[in-house]
Amino acid sequence: MAATTNEPQVKKAFDQRASNDEVEAIEREHWRGILRDIVRDWRLYLMFLPLLLFLILWKYLPISSMIIAFKYYLPTDGVYGSVFTGLSNYQTLLSTGAFWSAFRNTFILSFYGLCFGFPFPIILALFFSEIKNRIVLSVVQVLTYLPKFISTVVMVSIVAMLIRAGGVSSPGPIGSLLQSWFGWSDLINDPKAFRAIYTISGIWQTGGYSSIVYFAAILAISPTNYEAARIDGANKMQQLRYVTIPGMAGTLVIMLILNIGQLLTIGYEKVYLLQTYGTDTYETSEIVATYVIHGFMTAQQGVGTAADMFNSLLSMVLVLGSNKIAKKVSNTSLF
């Protein structure tokens, strides 16, 4: 009777052990397969090694220095030897009007870039798709892509010379036109004009290059969809509405999520250089990135690092939030 009672338990234990052995065997085979792939494709992994080292040395190791945001940093003591102060740097940061002004300027500049800079490459790609002559298309595309390959320093110098010739009070070509038409003068030093200058120059520099993604999405749409729309009597605008836009919707959503994630991550380079030319524009040109630089220049490394971390955390929240909303609305997301 006892043997009969213990038989189900013994069978269950045996099945459990067999199941564990199978899992271990599958796992061992999995890692053996990975090892075989590495041995077979060792040249590819060798080529990947410099990129991996770059990511570790320049992207991940510097993250450890963010601990400065919680310390009273002194160069003589170093990052890890400085005194730990908790959240005092954040208290100083959040009670400083200069930071909130820089935060507001960062958001406004990014919002302008999203409102005006995001649609421009889409419209440009739609125009490219309507050019049937291959030579004309190639020439136009090259001309619109070129500004992207101009360094930021040169681009800012060109913008400054167009507005104010030679860095002196005399206006440049565009400055002369604006002065004769509207009476505007010395725009490079006008705080109210800074945001327009930044946004327009950004569209000019990156609009053509950014259109590559959207143009590729348009080319991926099957021509039979357009033929069916023409048979149904659809004109160009109707084909655009019912064929082109839905066909590139996935790309639009992904790029919109990426752009929203970059709302608070404006690079310091162009803003800092434009500030050099327009010395009276700090009211509207000071952003979080330049605020961090000025914090380090004035020996406030802890507050500057706290500002950068605060900005990065908000950017992460924006990416996660926009990705979740996009997943619910359109079933398209980054992850």
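Residues numbered from 1 in each chain as written. Predicted model: local features only at pLDDT ≥ 70, side-chain atom pairs only at ≥ 80, totals over all residues. Heavy atoms only, no water.

Novice: Could you give an account of the overall build of the protein, naming the residues involved and the relevant values?
Specialist: Secondary structure summary: the protein contains 17 helices and two strands in total. A compact globule built from 335 residues should have a C-alpha radius of gyration of about 20 Å, whereas the protein, at 28 Å, is more than 25% larger. Each principal axis of the C-alpha atoms in the protein carries an extent, and together these give about 110 × 75 × 40 Å. Excluding contacts between residues fewer than 6 apart, the proportion of contacts in the protein whose partners are at least 24 apart in sequence is 65%. Approximately 21,300 Å² of the protein is accessible, and the part contributed by carbon and sulfur atoms is 68%. Across the protein, the mean location of the 24 positive side-chain charges is 5 Å away from that of the 20 negative side-chain charges. (Helix = DSSP H or I, 4+ residues; strand = E, 2+ residues; numbered from the N terminus. Rg over C-alpha atoms; globule rule 2.2 N^0.38 Å. Contact = heavy atoms within 4.5 Å. Areas by Shrake-Rupley, 256 points an atom, 1.4 Å probe, with all protein chains shown as cover. Lys, Arg positive; Asp, Glu negative; His and termini not counted. Charge placed at Lys NZ, Arg CZ, Asp CG, Glu CD.)

Novice: How would you sum up the pattern of salt bridges? Please name residues and give values.
Specialist: As enumerated under the stated definition, the model contains four salt bridges in all. In this structure, R40 engages D37 in a salt bridge whose closest nitrogen and oxygen atoms are separated by 3.0 Å. In this pair, R40 and D37 are both assigned in helix 1 (residues 2-40), three residues apart and thus about one turn of the helix distant. Residue classification places D37 among the partly exposed positions, given a relative accessible area of 31%. Here D41 makes a salt bridge to R40, at a shortest N to O gap of 3.5 Å. Look at D41 and you get partly exposed, because its relative accessible area is 27%. In this structure R40 comes out as exposed when scored by relative accessible area, which is 52%. Taken together, the salt bridges that share partners define one network made up of D37, R40 and D41. (Salt bridge = Lys/Arg side-chain N within 4 Å of Asp/Glu carboxyl O. Buried < 20%, exposed > 50% of the residue type's maximum accessible area, 1.4 Å probe, protein only.)

Novice: Describe helix 8 (residues 152-163), with residues and values.
Specialist: Note that an α-helix has 3.6 residues per turn; residues three or four places apart therefore point the same way. Helix length check: helix 8, at twelve residues, gives a terminal C-alpha distance of 17 Å against a target of 16 Å (1.5 Å per residue), a fit within 8%. For helix 8, the complete set of buried residues consists of M155, V156, V159, A160 and I163. Relative to the axis of helix 8, the buried residues are bounded by an arc of 135 degrees and lie together on one face. Of the surrounding elements, those touching the buried residues of helix 8 are helix 9 (173-182), helix 10 (191-219) and helix 14 (268-277). (Expected span 1.5 Å × (residues − 1). Arc of directions from axis to C-beta.)

Novice: How would you sum up the packing of aromatic side chains? Please name residues and give values.
Specialist: Tallied over the full model, the rule gives 14 aromatic pairs. When the ring of F99 is compared with that of W100, the centres are 5.2 Å apart and the planes differ by 65 degrees; the resulting orientation is edge-to-face. When its relative accessible area of 0% is taken as the criterion, F99 is described as buried. Each ring, one from W100 and one from F310, has its centre 6.3 Å from the other, and the planes form 85 degrees; the classification is edge-to-face. Of the two residues, W100 is situated in helix 5 (residues 97-117) and F310 in helix 17 (residues 301-330); the sequence distance between them amounts to 210 residues. You can call W100 partly exposed: its relative accessible area is 35%. An aromatic cluster is present here, built from F99, W100, F103, Y291 and F310 joined pairwise through their rings. Over the ring of Y198 we find K270, and its NZ or CZ is 4.1 Å from the ring centre. (Phe/Tyr/Trp six-rings, centres within 6.5 Å; stacked < 30°, edge-to-face > 60°. Lys NZ or Arg CZ within 6 Å of the ring centre and 35° of its normal.)

Novice: Describe the nonpolar core, with residues and values.
Specialist: Counting 35 residues, the largest nonpolar core has L93, F99, Y214, M248 and Y291 as the members making the most contacts within it. Those residues within four positions of F99 in sequence are excluded, and the remaining contacts are L93, L94, V288, Y291, A307 and F310. By size, the runner-up hydrophobic cluster in this structure holds 15 residues, among which are M155, I197, I266 and L274. (Core = buried A, V, L, I, M, F, W, Y, C linked by side-chain atoms within 4.5 Å.)

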